Amino acid sequence: MALRRKLIAGNWKLHKTVEESLELAGQLSAGLKRDDLDVLVCPTFPALFPVAQRLKGTAVKVGAQNLFWEDQGAFTGEVSGPMIKAAGAIYALVGHSERRLHFAESEKTAALRVAAAWRSGLTPILCVGELLQERETGRMEGVLESQLAGALAGVSTAQAGGLVIAYEPVWAIGTGKTASDAQANEAHAYIRGWLSYRFDKHVAESLKILYGGSVKPANAAGLLNQSEVDGVLVGGASLDASSFLGIIHAI
Ligand code: PGA
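The sections below set out a description of the structure shown in this document. As the structure is a computational prediction, the values presented were derived from the model and not from experiment. (Residues numbered from 1 in each chain as written. Predicted model: local features only at pLDDT ≥ 70, side-chain atom pairs only at ≥ 80, totals over all residues. Heavy atoms only, no water.)

Digging into the side chain of Asn66
Short version of the rule: Only DSSP runs of H or I covering at least 4 residues are called helices, and only runs of E covering at least 2 are called strands; the numbering of each starts at the N terminus. The buried label goes to any residue with under 20% of its type's maximum accessible area, the exposed label to any with over 50%, and the partly exposed label to all in between, with areas taken from a 1.4 Å probe on protein chains only. Residues are treated as being in contact if the distance between any of their heavy atoms lies within 4.5 Å.
Structurally, Asn66 is set in the loop between strand 3 (60–64) and helix 3 (81–86). The class of Asn66 is buried, set by a relative accessible area of 8%. Excluding anything up to four places from it in sequence, Asn66 contacts Phe45, Ile84, Leu93, Arg99, Glu105 and Arg113.

In structure tokens form, the structure reads like this:
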């Protein structure tokens, strides 16, 4: 089995002013005690550049929570891949369920954003995950398949190895309900199997699949010790340095 370095990512969502973001970034870089895994934070757009400046030369990397698919032009309110890259980010979340729910993100727009991220030199973290009702009616695999197939339609096998996928069951996001370790591992195994079929075995074995949904210090070790779980994408518990560091240092 390929050795995949773990990635612990914080999604700050719509939280924290620039000043608060800088404070949290400083606390994280000061408190980080290990270099055997990758650590990432995704602040709001106004905080992206200052946080990247603050974290320059540290082990904490910076990502954006979204990106637009055109590089520039008359698109009021949007932020593009090249702008995000120039601000110091190296990752971009794509297709988060909150974007699907509130901002009409679809497989088609997720595919455009994945392509824009590659073009700009950013690693896309493609978020997929089923609703509770979809899981309960036996449709989890079908939902994951259509989200993956749609968003990765234009991705070549050569590119795919560098992708990151985040499995975030919608029923576990911000609800306090975490998928059990076994449920997470099983969904990740399904995703990896699909990637092996769509691309090839080498790609499937090399790319990282993160789990997201109510991850906290108390449940992080169990999840991170699963064979198919290559890291976590953390919302609420990433807003406080001690809890995010607790997750980072959990295993
Ligand atoms: P949560 O969010 O950890 O607050 O559940 C996870 C996410 O949405 O990425």
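Re the sheet that holds strand 7 (residues 208–212)
Strand pairing within a sheet occurs via backbone hydrogen bonds; the two strands may be parallel or antiparallel. Test applied: Two strands form a pair only when DSSP identifies at least two bridges running between them. Note on geometry: axes are lines fitted to C-alpha atoms, helical ones only across the stretch in contact, with angles between N-to-C directions running from 0 to 180 degrees.
Around the barrel, eight strands lie side by side as 1-2-3-4-5-6-7-8; this closed barrel has parallel pairing. Ignoring strand direction, the axes of neighbouring strands in this sheet form an average angle of 25°. Judged from the two bridges that link them, strand 7 and strand 8 (residues 231–234) form a sheet pairing that is parallel. The residue bridging Gly212 from the neighbouring strand is Leu233, located in strand 8. Packed onto the sheet, helix 9 (residues 181–198) meets strand 5 (123–128), strand 6 (164–167) and strand 7 and runs at close to 145° relative to strand 7.

Remarks on the pattern of salt bridges
The criterion, for reference: Salt-bridge detection follows one rule: a side-chain nitrogen of Lys or Arg within 4 Å of a carboxyl oxygen of Asp or Glu.
Taken as a whole and assessed by the stated rule, the structure comprises 12 salt bridges. Residues Arg113 and Glu105 are paired through a salt bridge, measuring 2.9 Å at the closest nitrogen-oxygen approach. For Glu130, the salt bridge goes to Arg135, with nearest N and O atoms at 2.8 Å. Relative accessible area serves as the criterion here: at 21%, Arg135 is assigned to the partly exposed category. Through salt bridges with shared partners, a single network forms among Arg4, Arg192, Glu205, Glu228 and Asp230.

Considerations on the packing of aromatic side chains
To keep it simple, the criterion reads: In this scheme Phe, Tyr and Trp rings, the latter by its six-membered ring, pair at centre separations within 6.5 Å, and the angle between planes marks the pair as stacked below 30 degrees, edge-to-face above 60, and tilted otherwise. Ring-over charges, as used throughout, are those where CZ of Arg or NZ of Lys falls within 6 Å of the ring centre and within 35 degrees of the ring normal.
The tally for this structure, following the rule as stated, stands at three aromatic pairs. Their ring planes at 35° and their centres at 4.5 Å tell us that Phe68 and Trp69 sit as a pair that is tilted. On the accessibility criterion, Phe68 (9% relative accessible area) is buried. Judged by centre distance (6.3 Å) and plane angle (55°), the ring pair of Tyr167 and Tyr211 falls under tilted. You can see Tyr167 sitting in strand 6 and its partner Tyr211 sitting in strand 7, a full 44 residues away along the chain. The same class applies to Tyr167 and to Tyr211, which are both buried. Within the aromatic cluster, the residues linked to one another by ring pairs are Phe68, Trp69 and Phe75. The ring of Phe103 carries Arg99 above its face, with NZ or CZ at 4.2 Å from the centroid.

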